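# Coordinate inspection notes
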Amino acid sequence: MPEATPGSVPDFLYIGAPRTGSTWLYLNLQRHPDVWIPPCKSIIYFHPRFQRYRLKKLKRFWKEALVSGDRDTRAWYRSFFAKLFVDERWYLSLFPQGRITGEIAEAYCSLERYRVQRIHRVMPNVKVIFALRNPVERALSQAKLGLVIRKNRRIDDVSEDEFVAYIDRPGSQARSRYSHTLDIWNAFFPMEQFLILFYDDLVRNPESYLSNICRFIGVQLKTDYIGEMMNARVNKSIDKSLPPAVVKHAARTYRAEVEELAARFGGFARQWQHEVEEILA
């Protein structure tokens, strides 16, 4: 790996939304010989909770920083964890020169305007990848992850009120308000720097989906390196459905957003609109 030096600027940012295949994308791009992304998936330096996030990563990856068999990985983790007070020069030094570099930073989908403006100031030419999933489906998947999988509970042990409260959390709603996210980012980055994806395409044809991303960031898809990971199910959710009342609440919550997306993008978003209307019928 080329030496990381100040002035290296990421070529692309994947800004979300969560539960749209970000870990799958990370694992596939990590295997690409012409792409570099951080060993710990995300840096999210521009997120308001960056320092808390970095501390969590230290607890998880400190052994990698000390005993990883890869010298470059050890060096990168030491650079990532060593400095208490960091700045934009430090952030840029984490990205090597000589390869296509980027970051899977789905948490950026809920950034405030001034933080996106700051990103633009540091990397005005960065390519922005944004994946859309039916907001209702995404919110329900996030609720399963937060209340069932991470807490090692059964769906039947979680009350409808708990699910509704989780869906109504400001952070959860911010992640599913795609049109708002796009409006904020588009105020600083022109649409020609965006690649808008649909999670539905990933489910239907992973190879085509990944090929589209590779083409956008300026590399060729190399299936001989990526192999079986392209068709892998990563962070699989629970197949069991949530209570109908919870599903209807999510549909009511995001009905207007889905209508906005259908008008804006058509395609799969129009299908989402039909699905929402069927839920609420």
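The structure this text deals with has already been given above.
Residues numbered from 1 in each chain as written. Predicted model: local features only at pLDDT ≥ 70, side-chain atom pairs only at ≥ 80, totals over all residues. Heavy atoms only, no water.

## Quick word on helix H14 (residues 268-280)
- A rise of 1.5 Å per residue sets the reference length of H14, with its 13 residues, at 18 Å; its end C-alpha atoms lie 19 Å apart and thus fit the reference within 8%.
- When H14 is considered as a whole, its buried residues turn out to be Phe268, Ala269, Trp272 and Val276. Viewed along the axis of H14, the buried residues span an arc of 95°, placing them on a single side of the element. In this structure, H14 carries His274 and Glu278 as exposed residues pointing more than 90 degrees from its buried face.
- Buried-residue contacts for H14 involve strand E4 (127-132), helix H6 (135-149), strand E5 (194-198), helix H10 (199-204) and helix H13 (244-265). (Helix = DSSP H or I, 4+ residues; strand = E, 2+ residues; numbered from the N terminus. Expected span 1.5 Å × (residues − 1). Buried < 20%, exposed > 50% of the residue type's maximum accessible area, 1.4 Å probe, protein only. Arc of directions from axis to C-beta. Contact = heavy atoms within 4.5 Å.)

## Quick look at the packing of helix H1 (residues 22-30) against helix H11 (residues 206-217)
- Between H1 and H11, the shortest axis-to-axis distance is 12 Å and the interhelical angle comes to 65°. Overall, the two elements H1 and H11 adopt an arrangement that is roughly perpendicular. The chirality of how H1 crosses H11 is right-handed. Across the interface between the two elements, Trp24, Leu25, Asn28 and Leu29 from H1 touch Pro206, Tyr209, Leu210, Ile213 and Ile217 from H11.
- Looking at the contact of H1 with H11 residue by residue, the classes come out as eight nonpolar, one polar and no charged. (Axes fitted to C-alpha atoms, helices over the stretch in contact; angles between N-to-C directions. Parallel < 35°, antiparallel > 145°, perpendicular 65-115°, else oblique. Left-handed = near helix turned anticlockwise from the far one by under 90°. Nonpolar A, V, L, I, M, F, W, Y, C, P; charged D, E, K, R; others polar.)

## Quick word on the packing of H13 against H14
- It is at 9 Å that the axes of H13 and H14 come closest, and there the two elements cross at 150°. In this view, H13 runs roughly antiparallel relative to H14, as classed from their interaxial angle. The handedness of the crossing between H13 and H14 is left-handed. Packed against H13, whose contacting residues are Val247, Lys248, Ala251, Arg252, Arg255, Val258, Glu259, Leu261 and Ala262, the element H14 presents Ala269, Arg270, Trp272, Gln273, Val276, Glu277, Ile279 and Leu280 at the interface.
- Split into classes, the residues belonging to the contact of H13 with H14 amount to ten nonpolar, one polar and six charged.

## A closer look at unusual backbone geometry
- Of note, the amide linkage connecting Gly16 to Ala17 takes the cis form, showing an omega dihedral of 0°.
- Relative to the elements of secondary structure, Ala17 occurs in the loop between strand E1 (12-14) and H1.
- Look at Ile44: it is not a glycine, yet its phi comes out positive at around 40°.
- As for its placement among the helices and strands, Ile44 is situated in the loop between strand E2 (35-36) and helix H2 (50-67).
- For Ile44, a relative accessible area of 7% corresponds to the buried category.

## Some remarks on the sheet that holds E5
- A sheet is described by the order of its strands in space; here five strands give the open sequence E2-E3-E1-E4-E5, paired in parallel fashion. A strand with exactly one partner marks an edge of an open sheet, and here the two such strands are E2 and E5.
- As paired elements, E2 and strand E3 (residues 100-104) share two bridges and run parallel to each other. Following the sheet pairing, Trp36 is matched in E3 by Thr101.
- Packed onto the sheet, helix H9 (residues 178-186) meets E1, E4 and E5 and runs at close to 170° relative to E4. (Pairing = 2+ DSSP bridges.)

## Some points on a nonpolar patch on the surface
- A cluster of nonpolar side chains, contributed by Leu55, Leu58, Trp62, Leu66 and Val67, occupies part of the molecular surface with about 510 Å² of accessible area.
- Considering the arrangement of structural elements, one finds Leu55 in helix H2. (Patch = residues over 30% accessible without salt bridge, like charges linked within 9 Å, V, L, I, M, F, W, Y side chains within 5 Å. Areas by Shrake-Rupley, 256 points an atom, 1.4 Å probe, with all protein chains shown as cover. Salt bridge = Lys/Arg side-chain N within 4 Å of Asp/Glu carboxyl O.)

## Considerations on the pattern of salt bridges
- The full count for this structure, using the stated rule, is eleven salt bridges.
- Residue Arg153 pairs with Glu162 through a salt bridge whose shortest N-O separation is 3.2 Å.
- What makes Arg153 partly exposed here is its relative accessible area of 27%.
- Taking the shortest distance from any N to any O, the salt bridge between Asp156 and Arg154 comes out at 3.8 Å.

## Overview of the pairing of E4
- Judged by how many residues are buried, E4 sits mostly within the fold: five of six residues are covered.
- Pairing between E1 and E4: three bridges, direction parallel. By the bridge assignment for E4, Leu13 is matched with Val128.
- Relative to E5, E4 runs parallel, the two being bridged by five bridges. Its bridge partner lying in E5, Ala131 is registered against Leu197.

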